[in-house]
Amino acid sequence: MHEMSLALAVVDQIDGAARFERATAVSSVRLQVGELAGVVPDALAFSFELACAETVLEGAELIIEQVAARARCRPCTRTWETGMPPRLTCPGCGGADTELLSGRELQIVSVSWHDAPRPQPTHQER
Amino acid sequence: MCRVVDLQQAVLAKNDACARLLREDLAARGTAVVNLLSSPGSGKTALLERELTLARRRGIPVAALTADLATENDATRLARSGAPVKQVLTDGLCHLEAGMLGGHLDGWLPQETRLLFIENVGNLVCPASYDLGETLRVVLASVTEGEDKPLKYPTAFGLAHLVVVTKTDIAAAVGFDEAAFRAHVEQINPGVEIVCTSARRGEGDGALLDRALAALDGAPVHVPVMTQQHSHPEPASVLDPNSLVQSQS
């Protein structure tokens, strides 16, 4: 199961960005996981919770957007959902000149975090 | 104050950056990496023993790094070829990552090496996600594993530059349907070359070596459909509009 390695990579990247931005806590993380990314979302969610322990992400919610795999035949321009296992030859013309439109995503989309409160300027400073 | 920050970073960004550096460093010294993936027991080591021996006979400087959870048995077998061999023990980790390789190669990999074979941990799931800086990714399946192996492990077979069938000497005994296997590979990875080998009988001897040397010399390498996805996020409908801009609440 490499989902633990992936979860640690996610936490490592966000922890670095959060520290740089002086965020005090991360409340949620949004990931995109494509159908053909070779990742089991449930295993990733389980690993994520463990990987967050004792970091600024502790207790953060993981939101996984699963992305369906779609392909397009270059010669006949037909598009189709590849399914699983994927069909990457054209179901229309049988051609093999295929372009993958989606399905390989494994991306940190966004993070929601809390900033340390900044000192409010006083009247005198304004 | 809570902020939603648009990061848009690949989860594997760090591994991919390490792999890119490794590929460039090795290319600068004239070395190409061949990454061998298969399930346990498919015959990676037996095939590699033959290819390394053949390379030595032909005077081609090769080296091999073999990864396992435990034991140095594979390194012992491969070293019989006379090529420099290194065993990497992953201590239970199910795959190799690009960042793990640098430390193993520094001070060990002979400068004149033209081909470095990496025998990945026997596993068709996890190693598929990790680029090791290879020029050629080879996925093996033995005739005993069934014709539908490519359908069961689409990520591994879908990202292969070359597919190798092993143990063809016993294909008839186990009723291996080569045409069905080829059709399944074509469905997942259209256009990829499939080579049949038998380490016991010598069928396909040099196939790996010849293709790796050609790739090292700049011959075009197959581009799998799965590696051709545009980098733009698609479909747009799955994106949360709030995540596209930095918003504050």
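Residues numbered from 1 in each chain as written. Chains lettered and ligands numbered in written order. Predicted model: local features only at pLDDT ≥ 70, side-chain atom pairs only at ≥ 80, totals over all residues.

## Here we look at the overall build of chain A
Part 1 of the argument: Scanning chain A from terminus to terminus reveals two helices and six strands.
Part 2 of the argument: Against the 2.2 N^0.38 benchmark of 14 Å for 126 residues, chain A shows a C-alpha radius of gyration of 20 Å, more extended than a compact globule.
Part 3 of the argument: Seen through its principal axes, chain A has C-alpha atoms that stretch 75 × 40 × 15 Å.
Part 4 of the argument: Split into buried and exposed, the 126 residues of chain A put 44% on the buried side.
Part 5 of the argument: Contacts in chain A between residues at least 24 apart in sequence constitute 71% of all its contacts with a sequence separation of at least 6. (Helix = DSSP H or I, 4+ residues; strand = E, 2+ residues; numbered from the N terminus. Rg over C-alpha atoms; globule rule 2.2 N^0.38 Å. Buried ≥ 20, exposed ≤ 12 C-beta atoms within 10 Å, placed from the backbone. Contact = placed C-beta atoms within 7 Å.)

## Considering the overall build of chain B
Part 1 of the argument: Scanning chain B from terminus to terminus reveals 10 helices and nine strands.
Part 2 of the argument: Over its C-alpha trace chain B gives a radius of gyration of 20 Å, about what one expects of a compact globule, namely 18 Å for 249 residues.
Part 3 of the argument: Overall, chain B is about 70 × 45 × 35 Å in size when its C-alpha atoms are taken along their principal axes.
Part 4 of the argument: Within chain B, buried positions represent 45% of all 249 residues.
Part 5 of the argument: Within chain B, contacts between residues at least 6 apart in sequence are counted, and of these 79% link residues at least 24 apart.

## Brief notes about the nonpolar core
Part 1 of the argument: By size, the foremost hydrophobic cluster in this structure holds 96 residues, and its most contacted members are Val10 of chain A together with Val34, Ala64 and Val138 of chain B.
Part 2 of the argument: Per-element accounting of this core gives the leading share, seven residues, to helix H1 (residues 3-20) of chain A. (Core = buried A, V, L, I, M, F, W, Y, C linked by C-beta atoms within 7 Å.)

## Points about the UniProt feature "binding site: Ni(2+)" (unreviewed entry) in chain A
Part 1 of the argument: Feature annotation in UniProt places "binding site: Ni(2+)" (unreviewed entry) on His2 of chain A, given in this structure's numbering.
Part 2 of the argument: With respect to the secondary-structure elements, His2 of chain A resides in the segment before H1.
Part 3 of the argument: Given 24 C-beta atoms within a 10 Å radius, His2 of chain A is considered buried.
Part 4 of the argument: For His2 of chain A, the residues in contact, after removing those within four places along its chain, are Cys94, His95, Cys126 and Ser129 of chain B. (UniProt positions renumbered as here; feature names shortened; annotations may be inferred.)

## Here's the deal with the sheet that holds strand S4 (residues 79-81) of chain A
Residue and element names in this part refer to chain A.
Part 1 of the argument: Taken together, the three strands give an open sheet; going across it, the order is S4-S3-S5, and neighbouring strands pair in antiparallel fashion. In this open sheet, the two edge strands, each paired with only one partner strand, are S4 and strand S5 (98-102). Across the sheet, the mean angle from the axis of one strand to that of its neighbour is 30°, orientation sign disregarded.
Part 2 of the argument: In terms of strand pairing, strand S3 (residues 70-73) meets S4 through three bridges, oriented antiparallel. In the strand pairing of S4, Arg72 is matched with Thr79. (Pairing = 2+ DSSP bridges. Axes fitted to C-alpha atoms, helices over the stretch in contact; angles between N-to-C directions.)

## A look at the interface of chain A and chain B
Part 1 of the argument: Taken together, the contact between chain A and chain B spans 36 residues of the former and 38 residues of the latter.
Part 2 of the argument: Mapped onto the side of chain A that touches chain B, the elements with two or more residues apiece are H1, strand S1 (23-34), strand S2 (61-67), S5 and strand S6 (106-115) of chain A.
Part 3 of the argument: A total of 10 residues in the side of chain A that touches chain B trace back to one element, the largest contributor, which is S6 of chain A.
Part 4 of the argument: Across the side of chain A that touches chain B, the residue classes break down as 18 nonpolar, 12 polar and six charged.
Part 5 of the argument: Two elements, S6 of chain A and strand S1 (residues 2-10) of chain B, share seven bridges in a ladder whose sense is antiparallel. If you follow Val111 of chain A over to S1 of chain B, its bridge partner there is Val5 of chain B. (Nonpolar A, V, L, I, M, F, W, Y, C, P; charged D, E, K, R; others polar.)

## A closer look at the pairing of S3 of chain A
Part 1 of the argument: Of the two faces of S3 of chain A, only one is covered, namely that formed by Ala71 and Cys73 of chain A; the face formed by Arg70 and Arg72 of chain A stays uncovered.
Part 2 of the argument: Hairpin geometry of S3 of chain A and S4 of chain A is characterised by an intervening segment of five residues between the two adjacent antiparallel strands and by a positive phi of about 65° at Thr77 of chain A.

## Some thoughts on the packing of H1 of chain A against helix H2 (residues 41-52) of chain A
Residue and element names in this part refer to chain A.
Part 1 of the argument: Following both chains from N to C, one finds H1 and H2 inclined at 50°, their axes separated by 8 Å at the closest point. Relative to H2, H1 is oriented oblique. Considering only the axes of H1 and H2, their crossing is right-handed. Along the contact surface, H1 presents Glu3, Met4, Leu6, Ala7, Leu8, Val10 and Val11, while H2 presents Ala43, Leu44, Ser47, Phe48, Ala51 and Cys52.
Part 2 of the argument: Taken together, the residues of the contact of H1 with H2 break down into 11 nonpolar, one polar and one charged. (Parallel < 35°, antiparallel > 145°, perpendicular 65-115°, else oblique. Left-handed = near helix turned anticlockwise from the far one by under 90°.)

## Thoughts on the sheet that holds strand S7 (residues 162-166) of chain B
Residues and elements named next belong to chain B.
Part 1 of the argument: Read from one edge to the other, the open sheet built from seven strands follows the order S4-S3-S5-S2-S6-S7-S8, with strand pairing classed as parallel. Only two strands of the sheet have a single neighbouring strand rather than two, namely strand S4 (85-89) and strand S8 (193-196). Across the sheet, the axes of successive neighbouring strands diverge by a mean angle of 20°, strand direction being ignored.
Part 2 of the argument: Relative to S8, S7 runs parallel, the two being bridged by four bridges. Residue pairing in the sheet places Val164 in a bridge with Val195 of S8.

## A look at the environment of Gly202 of chain B
Residue and element names in this part refer to chain B.
Part 1 of the argument: Along the chain, the position of Gly202 falls in the loop between S8 and helix H9 (207-216).
Part 2 of the argument: Taking the C-beta count within 10 Å as the criterion, Gly202 has 12 such neighbours and is therefore assigned exposed.
Part 3 of the argument: Taking the C-alpha atoms as reference, Gly202 lies 29 Å from His95; in sequence the two are 107 residues apart.

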